[in-house]
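One letter stands for each residue in the lines below.
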Amino acid sequence: MSVLTASYVRDEPRGFSAGHYAICFAGIVWREALRFLHQRERFISALVRPLLWLFIFAAGFRQVLGVSIVPPYQTYVLYEVYITPGLIGMIQLFNGMQSSLSMVYDRETGSMKTLLVSPLPRWFLLVSKLLAGVAVSLLQVYVFFAIAWFWDVRPPVTGYLTVFPALVLTGLMLGAMGMFLSSMVHQLENFAGVMNFVIFPMYFASSALYPLWRILEASPPLYWICQFNPFTHAVELIRFSLYGELNLIALAVTLGCTLLFLGGAILAYDPARGIISRKRQVG
Amino acid sequence: MQDLSTASPGMTAPALDIEAVGHAYGARRALDDVSFRVPRGSFTVLLGPNGAGKSTLFSLITRLFATREGRIAILGHDLARTPGEALRRLGVVFQARTLDLDLSIRQNLVYHAALHGIPARVAKARMGEILAGSDLVDRLGDKVRNLSGGQSRRVEIARALIHRPRLILLDEPTVGLDIRSRAEIVAEVRRLVREENVSVLWATHLIDEVDASDRVVVLHRGTVLAEGTVADVVEDTGTSGIRDAFAKLTETRLHAVGLELAS
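Residues numbered from 1 in each chain as written. Chains lettered and ligands numbered in written order. Predicted model: local features only at pLDDT ≥ 70, side-chain atom pairs only at ≥ 80, totals over all residues. Heavy atoms only, no water.

1. Focus on the overall build of chain A
Stage number 1. A count of helices and strands for chain A gives 11 helices and zero strands.
Stage number 2. Written out in order from the N terminus, the α and β elements of chain A read α-α-α-α-α-α-α-α-α-α-α.
Stage number 3. Within the span of chain A, comprising 283 residues, buried residues form 53% of the whole.
Stage number 4. For chain A, contacts bridging at least 24 residues in sequence account for 77% of all contacts bridging at least 6.
Stage number 5. Carbon and sulfur atoms provide 70% of the accessible area of chain A, an area that totals close to 12,500 Å². (Helix = DSSP H or I, 4+ residues; strand = E, 2+ residues; numbered from the N terminus. Buried < 20%, exposed > 50% of the residue type's maximum accessible area, 1.4 Å probe, protein only. Contact = heavy atoms within 4.5 Å. Areas by Shrake-Rupley, 256 points an atom, 1.4 Å probe, with all protein chains shown as cover.)

Written out as structure tokens, the structure is:
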């Protein structure tokens, strides 16, 4: 290393402008995108999982499971068409968990400290990181839509646009949930437990695979569990918006849960209130 | 002459002011009533064995932990009341490596600059200045994963400087490095203090990193045992050198508390 310029200590800036925030946000998204590019297998595995469900699971079930005409569908639909919103939700659910996993990893390797010692407000840093994760999930979702189109899953063309804001919101909710969970998981090894106790129950106890009326016929308690599962409402929000309709209850629940999880994550990472400072340091 | 009564707090205050700071992990107290100052333009060594509370103190200064007891101010900016103003004047080199191994040197530095609201083109110009004359300047596109321990440390120091802080904290920055890398890093940071008027708080358990011209804060079991110039501490303890002074202060053998002389 060599000399710094004489202007090294000249400036004494005060406050942060919108430009500072924009540069910081762009930097966080850019870093997330670089990391994503370096982990191509993550992109592929995120697509393989729902495609297996679409190609194999749905192909088998279409013969035994009829889906009657329920909103937003105007006619009978193939089972592949029915489970597509659930598979989109699955992509975002796994992406949210992947993001939280990488936050636990970052915390263990120390690179999370780099983010947290930024002078910009911590809530802004966390929301930026969350939005960066959502951007990655949106890319995965639209690639899945493109492949599903060749499998005869063809919602109205305008649906690809109308579903966009819903995908942003559901991505935020699931990402915020992952972020909140990451604040509670202290070691990377413990994350497998999250997979077993969060992802799978959320996915299976929802309207992703079966319509709620069918679940009600089979098991009323399970129906109510599904109703209380935020993932059900995320899937229904995606399903309706994909056909240009708005499910207000799903919107309200998804929005409310997003705020709840995000608030929890911000509190957990807040040095004044969170749980991070209770961990012991060495040295 | 400037009227000091109207000057901003950052113009007259010490680089770092720590007043009666404490911290506990559950029932175990890691820091107890810790107070000291890092004057502007000084190289201050925070000397203490492993477990003395150095890393906990660094976590409080960097606001990774909240300061629940006492007060910390950086260049006069209270960390609890104006954290943004305090942290923007602070550069940090953590004890554990915190670079993103899969990103290049340039990408790591640009990312860190962005976290301070500094555009990429400014960051690229600054990294050219900071790394000028170093072998790293030709390796900006290399992934950090491919660097040696010493080179990684120098990148971390460059990263700590990219937003032009006034105070730099370095937590055991030479641990795990060979003798030559250690000497180069110590010399480089001392040059920053001498030529750029940067203030440094250097935490270490390696007593041979203390220079006669340094200020020293001796931290042991979460308490400050001594603070001042090396000469002051030696004189106050009535010993012949900082090594003996530390032994007398802690009333223990050096090797027993993990304080080491690098071979």
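We are not done yet, so read on.
2. A closer look at the sheet that holds strand β4 (residues 69–74) of chain B
Residues and elements named next belong to chain B.
Stage number 1. With antiparallel pairing, the four strands of this open sheet are ordered in space as β2-β1-β4-β5. In the strand order of this sheet, the two ends are held by β2 (28–38) and β5 (77–78), each with one partner.
Stage number 2. By the bridge criterion, two bridges tie β4 to β5 in an arrangement that is antiparallel. Each residue of the ladder has a partner; that of Ala-73, found in β5, is Asp-78.
Stage number 3. Across the sheet, helix α2 (residues 54–61) lies against β1 (16–25), β2 and β4, angled at about 115° from β1, the strand it touches most. (Pairing = 2+ DSSP bridges. Axes fitted to C-alpha atoms, helices over the stretch in contact; angles between N-to-C directions.)

3. Comments concerning the sheet that holds strand β8 (residues 199–204) of chain B
Residue and element names in this part refer to chain B.
Stage number 1. The strand order across the open sheet built from six strands is β6-β7-β8-β3-β9-β10, with neighbouring strands paired in mixed fashion. Across the chains shown, the open sheet's two edge strands, defined by having one partner strand only, are β6 (90–93) and β10 (223–229). For this sheet, the mean inter-axis angle between neighbouring strands, taken without regard to orientation, is 15°.
Stage number 2. Looking at chain direction, strand β7 (residues 167–171) and β8 are connected through five bridges and run parallel. For Ile-168, the partnering residue across the bridge sits in β8 and is Val-200.
Stage number 3. Each of β9 (215–220) and β10 is contacted by helix α8 (residues 230–237), which is oriented at about 120° to β10, the strand it contacts most.

4. A short note on the environment of Phe-204 of chain A
Residue and element names in this part refer to chain A.
Stage number 1. As for its position among the elements, Phe-204 is in helix α7 (residues 191–204).
Stage number 2. Given a relative accessible area of 43%, Phe-204 falls into the partly exposed group.
Stage number 3. Leave out the neighbours within four places in its chain, and Phe-204 touches Trp-53 and Leu-209.

5. Some thoughts on the nonpolar core
Stage number 1. In this structure, Leu-16, Phe-36 and Ile-61 of chain B are the most contacted members of the largest nonpolar core, which totals 103 residues.
Stage number 2. The leading source of residues in this core is helix α3 (residues 79–109) of chain A, at 13 residues.
Stage number 3. Excluding residues that lie within four positions of it along the chain, Leu-16 of chain B makes contacts with Phe-36, Arg-37, Val-38, Ile-61, Ile-72, Ala-73, Ile-74, Leu-167 and Leu-201 of chain B.
Stage number 4. In this structure, Phe-43, Val-144, Leu-170 and Val-210 of chain B belong to the second largest nonpolar core, which totals 46 residues. (Core = buried A, V, L, I, M, F, W, Y, C linked by side-chain atoms within 4.5 Å.)

6. Quick notes on the pairing of β2 of chain B
Stage number 1. When β1 of chain B meets β2 of chain B, the two strands line up antiparallel, connected through seven bridges. The residue bridging Ile-18 of chain B from the neighbouring strand is Phe-36 of chain B, located in β2 of chain B.

7. Looking at unusual backbone geometry
Residue and element names in this part refer to chain B.
Stage number 1. We note that Leu-75 has phi near 50°; this positive angle belongs to a residue other than glycine.
Stage number 2. Looking at where Leu-75 falls in the secondary structure, it is placed in the loop between β4 and β5.
Stage number 3. Residue Leu-75 is classed as buried on the basis of its relative accessible area of 1%.
Stage number 4. Positive phi, close to 55°, is recorded for Arg-164, a residue that is not glycine.

8. As for the packing of α3 of chain A against helix α10 (residues 230–242) of chain A
Residues and elements named next belong to chain A.
Stage number 1. At a minimum axis separation of 9 Å, α3 and α10 run at an interaxial angle of 125°. What the angle tells us is that α3 and α10 run oblique. Where α3 crosses over α10, the handedness of that crossing is right-handed. Only Phe-231, Val-235, Ile-238 and Arg-239 of α10 make contact with α3, whose side of the interface consists of Tyr-82, Pro-85, Gly-86, Ile-88, Gly-89, Met-90, Gln-92 and Leu-93.
Stage number 2. Its residues assigned to classes, the contact of α3 with α10 shows eight nonpolar, three polar and one charged. (Parallel < 35°, antiparallel > 145°, perpendicular 65-115°, else oblique. Left-handed = near helix turned anticlockwise from the far one by under 90°. Nonpolar A, V, L, I, M, F, W, Y, C, P; charged D, E, K, R; others polar.)

9. So, the confidence of the model for chain A
Regions with low pLDDT carry predicted coordinates that are not meant to be interpreted in detail.
Residues and elements named next belong to chain A.
Stage number 1. Confidence in the prediction of chain A, expressed as mean pLDDT, is 82, and 86% of residues score 70 or more.
Stage number 2. At the low end of the mean pLDDT range in chain A sits α7, at 79; at the high end sits α10, at 95.
Stage number 3. Predicted confidence is poor over residues 1–11, with pLDDT under 50, and the contacts of this stretch with residues over four places away or in other chains come to 34 contacts. (pLDDT = per-residue confidence, 0-100.)

10. Quick look at α8 of chain B
Residue and element names in this part refer to chain B.
Stage number 1. If you check which residues of α8 are buried, you get Val-230, Val-233, Val-234 and Thr-237. Along the axis of α8, the buried residues cluster in a sector spanning 95°; they form a single face. Along α8, the residues that are exposed and aim more than 90 degrees away from the buried face are Ala-231, Glu-235 and Asp-236.
Stage number 2. On its buried face, α8 is in contact with β9, β10 and α9 (242–250).
Stage number 3. One or two steps after α8, the chain reaches Gly-238, where phi turns positive at roughly 65°. (Arc of directions from axis to C-beta.)

11. Quick notes on the packing of aromatic side chains
Stage number 1. For the structure on display, the rule yields 17 aromatic pairs over all chains.
Stage number 2. Between the aromatic rings of Phe-43 of chain B and Trp-202 of chain B, the centroid separation amounts to 5.6 Å while the plane-to-plane angle is 35°, which identifies the pairing as tilted. Placement of the pair is Phe-43 of chain B in strand β3 (residues 43–47) and Trp-202 of chain B in strand β8, with a sequence separation of 159 residues.
Stage number 3. Counting every residue linked through ring pairs, the aromatic cluster contains Trp-53, Phe-57, Tyr-79, Tyr-82, Tyr-203, Phe-204 and Phe-231 of chain A.
Stage number 4. Against the face of Phe-94 of chain A rests Arg-49 of chain A, its NZ or CZ located 3.7 Å from the ring centre. (Phe/Tyr/Trp six-rings, centres within 6.5 Å; stacked < 30°, edge-to-face > 60°. Lys NZ or Arg CZ within 6 Å of the ring centre and 35° of its normal.)

12. Remarks on a nonpolar patch on the surface
Residue and element names in this part refer to chain A.
Stage number 1. A cluster of nonpolar residues, Ile-44, Val-48, Leu-52, Phe-55, Ile-56 and Trp-151, forms a patch on the protein surface that exposes about 550 Å² of accessible area.
Stage number 2. Here Phe-55 lies in helix α2 (residues 40–61).
Stage number 3. Since its relative accessible area comes to 30%, Phe-55 is described here as partly exposed. (Patch = residues over 30% accessible without salt bridge, like charges linked within 9 Å, V, L, I, M, F, W, Y side chains within 5 Å. Salt bridge = Lys/Arg side-chain N within 4 Å of Asp/Glu carboxyl O.)

13. Observations concerning the packing of helix α6 (residues 159–184) of chain A against helix α11 (residues 248–269) of chain A
All names here are of chain A.
Stage number 1. For the pair α6 and α11, interaxial distance at closest approach is 8 Å and the crossing angle is 30°. Put simply, α6 runs roughly parallel to α11. Where α6 crosses over α11, the two elements pack in a sense that is left-handed. Here Leu-169, Thr-170, Leu-172, Met-173, Ala-176, Met-177, Met-179, Phe-180, Ser-182 and Ser-183 of α6 come into contact with α11, specifically with Leu-251, Thr-254, Leu-255, Cys-257, Thr-258, Phe-261, Leu-262, Gly-264, Ala-265, Ala-268 and Tyr-269.
Stage number 2. Per-class residue counts for the contact of α6 with α11 are 15 nonpolar, six polar and no charged.

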